[in-house]
Amino acid sequence: MSIRTLDDLLAEGVSGRRVLVRADLNVPLDKQTGAISDDGRIRAVLPTLGALVEAGAKVVVCSHLGRPKGTPDPQFSLSPVAARLGELLGAPVRFATDTVGDSARSTVADLADGQVALLENLRFNAGETSKDEAERGAFADQLAAFGDAYVDDAFGAVHRKHASVYDVPARLPHVAGRLVLREVEVLSKLTSEPERPYVVVLGGSKVSEKLAVIEALLPTVDRLLIGGGMCFTFLKAQGLEVGTSLLEKDMVETCRNLLERSEGKIMLPVDVVVADAFAPDAAHDTVRVDGIPSHRLGLDIGPETVAGFAAALSQAKTIFWNGPMGVFEMAAFAAGTRGIAEAITKADAFSVVGGGDSAAAVRALGLDESSFGHISTGGGASLEYLEGKTLPGIAALEN
């Protein structure tokens, strides 16, 4: 893989040049206040933006937020992100109230050397995510007009064939930002020759969303620990009662087949926390997996499972974790995720947290981010990379 980097661009000189940076500023916003509840993705792009600012570039940042339907939607505005980005950079960030319209054009035109502008949400324009190449290309033409060079630092979006990720780099000199470069370097360690034992922890809600990565990982890992909502489909495949827990009935046979082929690599929970309802104050207790009441649902792995998983992790030299072990947003069902995260930090291993809810859990639970080898900013992108898929955004950067 041959990709030009930010350092290559900086060596050529960017003072006075407009540099279009695709960032992933898709941060969670509080539904009541609209405030940013986790600024991890904003912080992740600071090394790239800071280097460009210091070098005197006119920096034009673009990103998506949420899933608007191709038209402006105030609840998905990047305005609060512009304010927070300015705080973190220590200088105001100019905000364009549209993506490629009058406000964007005037905002970019008024930039001085070393200043930063943020365009409004890319997905307010239907061309960003369009399957029609002509429509997507037309939008890419408008975006590319704002830059003399392009930097992709949005690892969380590189698995999308979107205009700002796939089509714009074909129109401008292009490089990988520091975050994207680091992500690819880290994940390539997991797919080439990981130091063994190599232990993977998978959680989250659905087996169907993780099936491809399980299939890809089974031949290469030493242990595969499965928790979260997806574990109940595996438990059902073992013939166990799972009550009203999350269950993908059409995946039971697939899980049974995976267990038969796994050669004992797959570890499942031996106890779970069950509750009367999906609610933070629901009555709950811990039961063995062969004793889940028919009227209750599992919302976390139990303490015996945490201990067993932690023992497997303590032997590891390489760890990849994607997906929480339970409904960590509710305090009563956060112990499993916390226990596994803490076990990973204690292991003498190179550890990678695979973005998404796992990264959010690390921050929400107040864990020390520096205790992990790497926390990815892209859950979906990291999984697809491990599956061996071609990521459109990475392919677009290759020479």
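Residues numbered from 1 in each chain as written. Predicted model: local features only at pLDDT ≥ 70, side-chain atom pairs only at ≥ 80, totals over all residues. Heavy atoms only, no water.

A. Quick look at the overall build of the protein chain. The helix and strand tally for the protein chain stands at 16 helices and 15 strands. For the protein chain, whose C-alpha radius of gyration is 22 Å, the value lies close to the compact-globule estimate of 21 Å for 399 residues. For the protein chain, the C-alpha atoms occupy an extent of roughly 65 × 45 × 40 Å along the three principal directions. Out of the 399 residues in the protein chain, the part that is buried amounts to 55%. The positive charge centre, built from 38 side chains, and the negative charge centre, built from 53, are 1 Å apart in the protein chain. (Helix = DSSP H or I, 4+ residues; strand = E, 2+ residues; numbered from the N terminus. Rg over C-alpha atoms; globule rule 2.2 N^0.38 Å. Buried < 20%, exposed > 50% of the residue type's maximum accessible area, 1.4 Å probe, protein only. Lys, Arg positive; Asp, Glu negative; His and termini not counted. Charge placed at Lys NZ, Arg CZ, Asp CG, Glu CD.)

B. Structural detail: a positive patch on the surface. Where like charges cluster on the molecular surface, the positive patch consists of R67, K69, K131 and R160. Along the polypeptide, K131 turns up in the loop between β4 (116–118) and α6 (133–144). Note on K131: relative accessible area 78%, which makes it exposed. (Patch = residues over 30% accessible without salt bridge, like charges linked within 9 Å, V, L, I, M, F, W, Y side chains within 5 Å. Areas by Shrake-Rupley, 256 points an atom, 1.4 Å probe, with all protein chains shown as cover. Salt bridge = Lys/Arg side-chain N within 4 Å of Asp/Glu carboxyl O.)

C. Focus on the pairing of strand β13 (residues 318–322). Across the five residues that make up β13, a large majority, five, are buried. The alternating pattern of β13 places T318, F320 and N322 on one face and I319 and W321 on the opposite face, and all of these are buried. Looking at chain direction, strand β7 (residues 198–202) and β13 are connected through five bridges and run parallel. By the bridge assignment, V199 is partnered in β13 with I319. By the bridge criterion, four bridges tie β13 to strand β14 (residues 350–353) in an arrangement that is parallel. Along β14, the bridge assignment pairs W321 with V353. The handedness of the β13 to β14 crossover, carried by helix α13 (residues 335–346), is right-handed. (Pairing = 2+ DSSP bridges. Right-handed = clockwise from strand over helix to strand, strands pointing away.)

D. Expanded view of the environment of D271. Among the secondary structure elements, D271 is positioned in strand β10 (residues 271–275). Spatially, the C-alpha atoms of D271 and T305 are 5.9 Å apart, while their sequence positions differ by 34 residues. The contacts of D271, once residues within four sequence positions are left out, are T286, V287, R288, V289, I301, G302, P303, E304 and T305. A distance of 3.0 Å separates a polar side-chain atom of D271 from the backbone nitrogen of E304. (Contact = heavy atoms within 4.5 Å. Polar contact = N/O pair within 3.5 Å; in protein donor to acceptor, adjacent residues only side chain to side chain.)

E. View of the layout of surface pockets. As a volume, the second largest pocket reaches approximately 180 Å³. Around the second largest pocket, the lining residues are R67, P68, K69, G70, R123, N125, A126, E128, T129, R160 and H162. The residue inventory of the lining of the second largest pocket, partitioned by class, reads two nonpolar, four polar and five charged. (1 Å grid on protein atoms, 1.4 Å probe; cavity = no way out; pocket = protein on both sides within 12 Å on 5 of 7 lines; lining within 4 Å. Points joined across faces, edges and corners; volume = space filled by probe spheres on them. Nonpolar A, V, L, I, M, F, W, Y, C, P; charged D, E, K, R; others polar.)

F. Inspection of helix α15 (residues 379–387) at higher detail. Summarising burial for α15: seven of the nine residues are buried, a large majority. Turning to α15, its buried residues are G379, A381, S382, L383, E384, Y385 and L386. The inward-facing, buried residues of α15 abut α8 (178–191), α9 (207–217), β13 and α14 (356–364). Just downstream of α15, G388 is the residue with a positive phi angle, here 90 degrees.

G. Geometry of the pairing of strand β2 (residues 58–62). In terms of residue burial, β2 counts as a mostly covered element, since four of its five residues are buried. One ladder, built from five bridges, connects strand β1 (residues 18–23) with β2; its direction is parallel. When the bridges of β2 are listed, R22 appears paired with C62. Note that β2 and β4 share three bridges and pair parallel. Paired with V59 across the two strands is V116, which belongs to β4.

H. Quick look at the sheet that holds β2. Sheet architecture is open: six strands sit in the order β3-β4-β2-β1-β5-β6, paired in parallel fashion. Looking along the sheet, the strands with just one partner apiece sit at the ends: β3 (93–95) and β6 (174–176). On average, each strand axis in the sheet is tilted by 25 degrees relative to the strand beside it, whichever way the strands run. Helix α3 (residues 46–54) contacts β1, β2, β4 and β5 (149–153) of the sheet and is inclined by roughly 155 degrees relative to β2. Strands β5 and β6 of the sheet are contacted by α8, whose axis makes an angle of about 45 degrees with β5. (Axes fitted to C-alpha atoms, helices over the stretch in contact; angles between N-to-C directions.)

I. Looking closely at the packing of aromatic side chains. Scanning the model with the defined rule gives zero aromatic pairs in all. One cation-aromatic arrangement involves K189 over F350; the distance from NZ or CZ to the ring centre is 4.4 Å. (Phe/Tyr/Trp six-rings, centres within 6.5 Å; stacked < 30°, edge-to-face > 60°. Lys NZ or Arg CZ within 6 Å of the ring centre and 35° of its normal.)

J. Molecular detail of the environment of V327. For V327, the location among the structural elements is in the loop between β13 and α13. A relative accessible area of 14% places V327 in the buried class. Between the alpha carbons of V327 and T377 there is a distance of 20 Å; along the sequence they are 50 residues apart. Apart from the residues lying within four places of it in its own chain, the contact partners of V327 are F278, L299, F333 and A334.

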